[in-house]
Amino acid sequence: MTVPKNDKNTRTTGRPTLNEVARLAGVSPITASRALRGVSTVAVELVEKVRQAAVELNYVVNPAARALASAQSHSVVVLVPSLSNLLFIDTLEAIHRVLRPKGFEVVIGNYHYSRDEEENLLRNYMAYQPRGLLLTGFDRTESARRMIEASNIPCVYMMELDPGAGLNCVGFSQLKAGETAAEHLVSRGRKRLAYIGAQLDQRTLLRGEGFRRALQKAGLYDPDLEVLTPRPSSVGLGGELFLQLLASHPDVDAIFFGNDDLAHGALLEALRNGIKVPEQVSILGFNDLPASAHMVPRLSSISTPREAIGRRAAEQMLTLMAGNRIAQPVVDLGFELKVREST
């Protein structure tokens with residue numbers, strides 16, 4: 001079927017429109033729109049017809065035009081501090097699996113642990129009138145907080161909890177996770193316990209605070225055994241900081257790392273330098289990344305519910321976008337201590 005060049009529904013740019021795609025597929029514009037958005041209620045055969053028509057016409061969805069036409073978009077903005085960290089990939093995959101079948105586009109922004117960069121992303125994305133915001137944690141600029149509040153866009157916070165703030169959030173207590181790490185190592189008879197944290201985002205600092213509180217309660221806290229650096233967390237950095245700590249404090253007998261990649265680096269350096277784990281020093285990680293159960297020795301770690309957080313946060317968002325109230329706005333999914341050979 002040939003579409004006339006002077007069709008009144010053709011954009012002045014000459015680019016094909018949704019109406020043309022619908023006409024070629026033999027469906028209504030609404031059905032065509034839903035098919036292209038992946039709404040699960042559209043029959044499979046109709047979806048295929050619409051997609052074939054879109055390919056034939058070289059049609060590309062214009063989200064800005066869609067937002068202007070409907071006074072709101074079909075996008076949900078998700079902001080995370082890193083796309084190189086596996087824990088956020090698990091969360092994003094879960095969000096996508098919940099929202100995409102409902103016809104929503106997941107727009108991902110990476111702010112590289114920069115509050116200013118997150119604020120700029122928020123300002124840019126809000127210009128497209130997103131239907132919802134899924135944000136990581138509560139640490140952001142005051143300007144960003146005001147922007148979110150003034151927008152009246154449904155918002156769900158992930159990874160952290162703040163029961164007293166009246167916000168919708170899904171996560172676990174970072175403080176309790178740090179406390180659990182310390183209690184586990186103390187229960188192993190360790191006396192000289194250290195914490196190594198990198199990147200220094202709010203969640204890393206909260207884990208360290210929980211670790212510190214538990215050691216103070218046990219009378220085992222030594223501020224000299226707290227190593228914090230703003231450098232990006234990595235395997236290489238973990239090995240480097242591990243050797244530096246043992247060189248300056250050879251009596252250290254347990255280390256809690258703020259991220260598993262740091263702990264992986266420590267285990268590799270321990271193996272390379274003949275340092276016995278856990279006989280000489282116990283090593284405990286955080287997040288329980290897939291490789292942790294296969295390290296030598298196998299790494300003990302605190303497992304976090306990354307996939308569940310993404311799923312529940314997206315489900316909360318669907319409820320809010322439907323105009324309904326969330327019965328349980330604060331969802332604590334907890335965490336699990338995985339004890340393996342390294343402790």
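Residues numbered from 1 in each chain as written. Predicted model: local features only at pLDDT ≥ 70, side-chain atom pairs only at ≥ 80, totals over all residues. Heavy atoms only, no water.

- Going by an unreviewed UniProt entry, the chain carries the name LacI family transcriptional regulator and comes from Pseudomonas frederiksbergensis.

Focus on the overall build of the chain
Here is step 1 of the chain: In terms of helices and strands, the chain carries 12 helices and 12 strands.
Here is step 2 of the chain: In terms of overall dimensions, the chain has C-alpha extents of about 80 × 40 × 30 Å along its principal axes.
Here is step 3 of the chain: A total of 343 residues make up the chain; the buried ones form 51% of that total.
Here is step 4 of the chain: Long-range contacts, defined as pairs at least 24 residues apart, comprise 69% of the intrachain contacts of the chain with a sequence gap of at least 6.
Here is step 5 of the chain: Working note: accessible area of the chain is about 16100 Å², and carbon and sulfur atoms make up 51% of it.
Here is step 6 of the chain: Side chains of the chain give 39 positive and 37 negative charges; the mean places of these two sets differ by 7 Å. (Helix = DSSP H or I, 4+ residues; strand = E, 2+ residues; numbered from the N terminus. Buried < 20%, exposed > 50% of the residue type's maximum accessible area, 1.4 Å probe, protein only. Contact = heavy atoms within 4.5 Å. Areas by Shrake-Rupley, 256 points an atom, 1.4 Å probe, with all protein chains shown as cover. Lys, Arg positive; Asp, Glu negative; His and termini not counted. Charge placed at Lys NZ, Arg CZ, Asp CG, Glu CD.)

With respect to the pattern of salt bridges
Here is step 1 of the chain: A full pass over the atoms with the stated rule returns 19 salt bridges.
Here is step 2 of the chain: Note that R203 and D201 form a salt bridge whose closest N and O atoms lie 3.5 Å from each other. Assigned by exposure class, R203 and D201 land together as buried.
Here is step 3 of the chain: Of the charged contacts in the structure, one is a salt bridge between E269 and R272, with a shortest N-O distance of 2.7 Å. Of the two residues, E269 and R272 are both situated in helix 11 (residues 260-273); the distance of three residues between them amounts to about one turn of the helix.
Here is step 4 of the chain: Residue E269 is classed as buried on the basis of its relative accessible area of 18%. (Salt bridge = Lys/Arg side-chain N within 4 Å of Asp/Glu carboxyl O.)

Remarks on the nonpolar core
Here is step 1 of the chain: By size, the foremost hydrophobic cluster in this structure holds 40 residues, and its most contacted members are V78, I95, L99, L134, M158, F211 and F256.
Here is step 2 of the chain: The residues that make up this core include at least three from each of domain 2 (75-172 + 307-334) and domain 3 (174-303).
Here is step 3 of the chain: When residues no more than four places from it in sequence are discounted, the contact partners of L134 are V76, V77, V78, L79, I95, L99, V156, M158, A313 and M317.
Here is step 4 of the chain: L241, V252, I255 and A263 belong to the second largest nonpolar core, which has 23 residues in total. (Core = buried A, V, L, I, M, F, W, Y, C linked by side-chain atoms within 4.5 Å. Domains from an automatic or database assignment.)

Details of empty space enclosed by the protein
Here is step 1 of the chain: A full pass over the atoms with the stated rule returns one cavity of 30 Å³ or more.
Here is step 2 of the chain: Estimated volume of the largest cavity: approximately 30 Å³.
Here is step 3 of the chain: Looking at the largest cavity, the residues that line it are L193, A194, Y195, F211, L215, Y221, D222, L225 and E226.
Here is step 4 of the chain: Those elements giving two or more residues to the lining of the largest cavity turn out to be strand 6 (193-198) and helix 9 (202-218).
Here is step 5 of the chain: Counting residues per element, the lining of the largest cavity draws most heavily on strand 6, at three residues. (1 Å grid on protein atoms, 1.4 Å probe; cavity = no way out; pocket = protein on both sides within 12 Å on 5 of 7 lines; lining within 4 Å. Points joined across faces, edges and corners; volume = space filled by probe spheres on them.)

Section: the domain arrangement of the chain
Here is step 1 of the chain: Taken domain by domain, the chain holds domain 1 (18-70), domain 2 (75-172 + 307-334) and domain 3 (174-303).
Here is step 2 of the chain: Inter-centroid distance (C-alpha atoms) of domain 1 to domain 3 is 52 Å.

Details of the side chain of T91
Here is step 1 of the chain: Here T91 lies in helix 5 (residues 86-99).
Here is step 2 of the chain: Residue classification places T91 among the buried positions, given a relative accessible area of 1%.
Here is step 3 of the chain: A distance of 3.1 Å separates the side chain of T91 from the backbone oxygen of R306, its partner in a polar contact.
Here is step 4 of the chain: In contact with T91, not counting residues within four places along its chain, are M158, M159, R306 and G310. (Polar contact = N/O pair within 3.5 Å; in protein donor to acceptor, adjacent residues only side chain to side chain.)

Considering the pairing of strand 6
Here is step 1 of the chain: Strand 6 sits mainly inside the fold: six of its six residues count as buried.
Here is step 2 of the chain: Pairing geometry for strand 6 and strand 7 (residues 226-229), over four bridges, is parallel. Considered in strand 7, the bridge of G197 is made with L228.
Here is step 3 of the chain: As for the winding sense of the linkage, the β-α-β connection from strand 6 through helix 9 to strand 7 is right-handed. (Pairing = 2+ DSSP bridges. Right-handed = clockwise from strand over helix to strand, strands pointing away.)

Topic: helix 6 (residues 115-126)
Here is step 1 of the chain: Taking 1.5 Å of rise per residue, the 12 residues of helix 6 would be expected to cover 16 Å, and the 16 Å separating its terminal C-alpha atoms lies within 8% of that figure.
Here is step 2 of the chain: When helix 6 is considered as a whole, its buried residues turn out to be E118, E119, L121, L122 and M126. In a view along the axis of helix 6, the buried residues occupy a sector of 160°, so they form one face of it. (Expected span 1.5 Å × (residues − 1). Arc of directions from axis to C-beta.)

Focus on unusual backbone geometry
Here is step 1 of the chain: Omega for the peptide link from V277 to P278 comes to 10°, which places this bond in the cis form.
Here is step 2 of the chain: Structurally, the position occupied by P278 is in the loop between helix 11 and strand 9 (282-287).
Here is step 3 of the chain: With an omega of -5°, the peptide bond running from V296 to P297 counts as cis.
Here is step 4 of the chain: Non-glycine residue Y113 carries a positive phi angle of around 60°.

Brief notes about the environment of G137
Here is step 1 of the chain: Mapped onto the elements, G137 comes out in the loop between strand 3 (132-136) and helix 7 (142-151).
Here is step 2 of the chain: Other than its neighbours up to four places away in sequence, G137 contacts Y157, M158, E160 and R203.

Quick word on the packing of helix 5 against helix 12 (residues 306-321)
Here is step 1 of the chain: For the pair helix 5 and helix 12, the least separation of the axes is 7 Å and the interaxial angle reads 35°. Handedness of the helix 5/helix 12 crossing: right-handed. On helix 12, the residues that touch L87, D90, T91, A94, I95, R97, V98 and L99 of helix 5 are R306, E307, G310, R311, A314, E315, L318 and M321.
Here is step 2 of the chain: When the residues that make up the contact of helix 5 with helix 12 are grouped by side-chain class, the tally is eight nonpolar, two polar and six charged. (Axes fitted to C-alpha atoms, helices over the stretch in contact; angles between N-to-C directions. Left-handed = near helix turned anticlockwise from the far one by under 90°. Nonpolar A, V, L, I, M, F, W, Y, C, P; charged D, E, K, R; others polar.)

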